[in-house]
Amino acid sequence: MERGMRDDHVFHRDLSKKYPLITHGKGSYLYSEEGTRYLDACSGAVAANLGHGIEEIASAMANQAKRAAFVHTLRFETPVLYKLSEKIARFAPDGLNKVYFTSGGSEANESAIKLARQFHRDAGKPEKHVVIGRWQSYHGNTFGSLSAGGDIKRRQVYTPNLLHFTHIHSPNCLRCPFQRDKGDCDSRQDWSCSTSLEQLILEVGPQNVSAFIAEPITGSQLGSVVPPDNYFKEVRRICDQYDVLLIADEVMTGFGRTGKTFAIEYFDVIPDIITFGKGISAGYAPLAGMIVHDRLIKGLIQNSKGKFVHGYTYSGHPVSVAAGLAVLDIYEREKILENVVEKGNYLLQKLIELKREIPLIFDVRGKGLLLGLEFAADAEGTPFKQDLQITERINEKAIELGAVFYPGSGTINGYLGDHLIVSPPLNSKTNEIDELVHILRKSIKLTIEEIREAGFYDSAK
Ligand SMILES: Cc1ncc(COP(=O)(O)O)c(C=O)c1O
């Protein structure tokens, strides 16, 4: 990518970068103005889950825009709102039956944090307001969601503005923050990553804690790390014991990405709130929200006159909701979950083979089509120097070769460690997976050569 200040009026994500201009997309591919084809191997930001250019979704949105593009949900509602809510509630775990829409995942988590607070306050527990999150988790970029999240690099700039929420370590057996061994934890049935939640609740005071928020499988910050099998069962038990609501952030994992409709299903636990985003509209429109347990709804009816003191102009926007409805129809009709499991297993095997071939790949992990690679400078897992930005480099090489991935860093402690998310559209075909792996292999090898030649192939030791 070309660098340098550009003579235009766009406030670019990186003001010094020149980005390829995409004119259109078809299936798993994006096409630039210059005619370059890019394989979308990360579904944008794990959002474009059905790929690009689907006429059926575009028509559903256009038809809704022609009928009623906007109504304010304080005064009016639309038939599509009922249809989509009903469908989501049908897909959701037992007891989660009411759907609240927002435009993005940050707003969804913001809404969940506020709902938890109001629910407790109106139930006569006015002190409950602290949210416990986890280091190296991401819940969004608004102040509330950023405060709950644990991405040090994103938080740091705004630390003075953040709310006084607290955090425990994320589970990560490969690099256990408690220096424990998975086998030992399992045999003792004692996982420090979950017991630390109880310790923190007791320290803050259970009377002050409103909710615990966690991604069932940690996406952008850890590169698809799956917790120990019993982690969420323990978390649920602890939350119940101290009257703390459990918010499962499924903004990235929800609607089939991991091979289940919701990733929390892997752990046989029912959260109080599930937040969702991205996959619900497969990126065709800004749409996200939360699914709320009957228990909380009953509380609002009994104690809050049925009103959640919150709301956005674009909550339940008819055009976005119509997109969501068309997307869920396609997920069902095309049996997308089955494809995710099949292609996910296929891709996982290919990545494991790649790891055998390229020693710098330290780990391959994930579920369904949310897979992650972790990179390290040696077999012991020593991280690369932070400013090497190895996965950014690999991704830039991949873009030159015609594919785009989702790089990340801070895997080990928020600063050190590098990972790459591989998350192609959920309807990917085998030949596309093969092409993805081919470009990835080449990109990694070229990057290694390049950094070796430049003499800064070195670890952070
Ligand atoms: C787990 C998770 N939660 C929340 C968000 C924030 O969503 P949005 O960017 O739509 O506000 C993201 C975005 O990547 C996410 O991955």
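Residues numbered from 1 in each chain as written. Predicted model: local features only at pLDDT ≥ 70, side-chain atom pairs only at ≥ 80, totals over all residues. Heavy atoms only, no water.

**Brief notes about unusual backbone geometry**
Look at Lys335: it is not a glycine, yet its phi comes out positive at around 45°. In this fold, Lys335 is placed in the loop between helix H11 (318-333) and helix H12 (336-357). Non-glycine residue Gln389 carries a positive phi angle of around 45°. Here Gln389 is to be found in the loop between strand E12 (370-375) and helix H13 (390-401). (Helix = DSSP H or I, 4+ residues; strand = E, 2+ residues; numbered from the N terminus.)

**Side note on the side chain of His317**
Inspection of the secondary structure puts His317 in the loop between helix H10 (294-303) and H11. Dropping the residues within four chain positions of it, His317 is found in contact with Ala69 and Phe70. (Contact = heavy atoms within 4.5 Å.)

**Here's the deal with the site of the ligand**
The full set of residues close to the ligand is Gly104, Gly105, Ser106, Asn109, Tyr138, His139, Gly140, Glu215, Asp249, Val251, Met252 and Lys278. Gly105 has a polar backbone atom sitting 2.8 Å from an oxygen atom of the ligand. Contact distances for the ligand include 2.7 Å between a nitrogen atom and a side-chain N or O atom of Asp249. Protein chains shield 82% of the accessible area of the ligand, which is 390 Å² for the free molecule. Each residue belonging to the shell around the ligand can be placed in one class, and the counts come to three nonpolar, six polar and three charged. (Near = heavy atom within 4 Å. Polar contact = N/O pair within 3.5 Å; in protein donor to acceptor, adjacent residues only side chain to side chain. Areas by Shrake-Rupley, 256 points an atom, 1.4 Å probe, with all protein chains shown as cover. Nonpolar A, V, L, I, M, F, W, Y, C, P; charged D, E, K, R; others polar.)

**As for the domain arrangement of the chain**
Per the domain assignment, the segments of the chain are domain 1 (56-333) and domain 2 (335-453). Computed over C-alpha atoms, the centres of domain 1 and domain 2 are 27 Å apart. Taken residue by residue, the interface counts 30 residues in domain 1 and 32 residues in domain 2. The junction of domain 1 with domain 2 conceals about 2500 Å² of combined surface from both sides, 57% of it contributed by carbon and sulfur atoms. (Domains from an automatic or database assignment. Buried area = accessible area lost by both parts, 1.4 Å probe.)

**Looking at the pattern of salt bridges**
Inspection of every chain in the model, using the stated rule, returns 28 salt bridges. Between Glu86 and Arg90 there is a salt bridge; the shortest N-O distance is 3.7 Å. With Glu86 and Arg90 both in helix H3 (residues 79-91) and four residues apart, this pair spans about one turn of that helix. Assessed through its relative accessible area of 47%, Arg90 is described here as partly exposed. The partner of Asp272 in a salt bridge is Arg295, with the nearest N and O atoms 3.0 Å apart. In this pair, Asp272 is assigned in the loop between strand E8 (245-250) and strand E9 (273-276) and Arg295 in helix H10, connecting sequence segments 23 residues apart. On the basis of relative accessible area, Asp272 is assigned to the buried category, the value being 3%. Under the relative-accessibility criterion, Arg295 is labelled partly exposed at 36%. Beyond isolated ion pairs, a larger network of salt bridges with shared partners links Glu86, Lys87, Arg90, Asp329 and Glu332. (Salt bridge = Lys/Arg side-chain N within 4 Å of Asp/Glu carboxyl O. Buried < 20%, exposed > 50% of the residue type's maximum accessible area, 1.4 Å probe, protein only.)

**With respect to the nonpolar core**
Membership of the largest hydrophobic core comes to 90 residues, with the highest contact counts inside it found for Ile57, Ile88, Phe212 and Leu440. Of all the elements, H11 adds the most residues to this core, at 10 residues. When residues of this core are assigned to domains, at least three map to each of domain 1 (56-333) and domain 2 (335-453). Residue contacts for Ile57: discarding those within four places in its chain leaves Leu50, Tyr284, Ala323, Ala326, Val327 and Ile330. With 19 residues, the next largest nonpolar core counts Tyr100, Leu115, Ala116 and Ala148 among its residues. (Core = buried A, V, L, I, M, F, W, Y, C linked by side-chain atoms within 4.5 Å.)

**A word on the packing of aromatic side chains**
Under the criterion given, the structure shown has nine aromatic pairs. Consider the rings of Phe255 and Phe262, whose centres lie 5.2 Å apart with planes at 65°: the pair is edge-to-face. Judged by its relative accessible area of 0%, Phe262 falls in the buried class. Ring plane angle 85° and centroid distance 5.6 Å describe the contact between Phe255 and Phe276, whose orientation is recorded as edge-to-face. Within this pair, whereas Phe255 is found in the loop between E8 and E9, its partner Phe276 is found in strand E9, the two being separated by 21 residues in sequence. Accessibility expressed as a relative area gives 0% for Phe276, which makes it buried. Following the ring pairs from residue to residue traces out a cluster consisting of Phe101, Phe255, Phe262 and Phe276. One residue, Arg154, lies across the ring of Tyr138, its end atom 4.1 Å from the ring centre. Above the face of the Tyr266 ring, Lys367 is positioned so that its terminal group lies 4.7 Å from the ring centre. (Phe/Tyr/Trp six-rings, centres within 6.5 Å; stacked < 30°, edge-to-face > 60°. Lys NZ or Arg CZ within 6 Å of the ring centre and 35° of its normal.)

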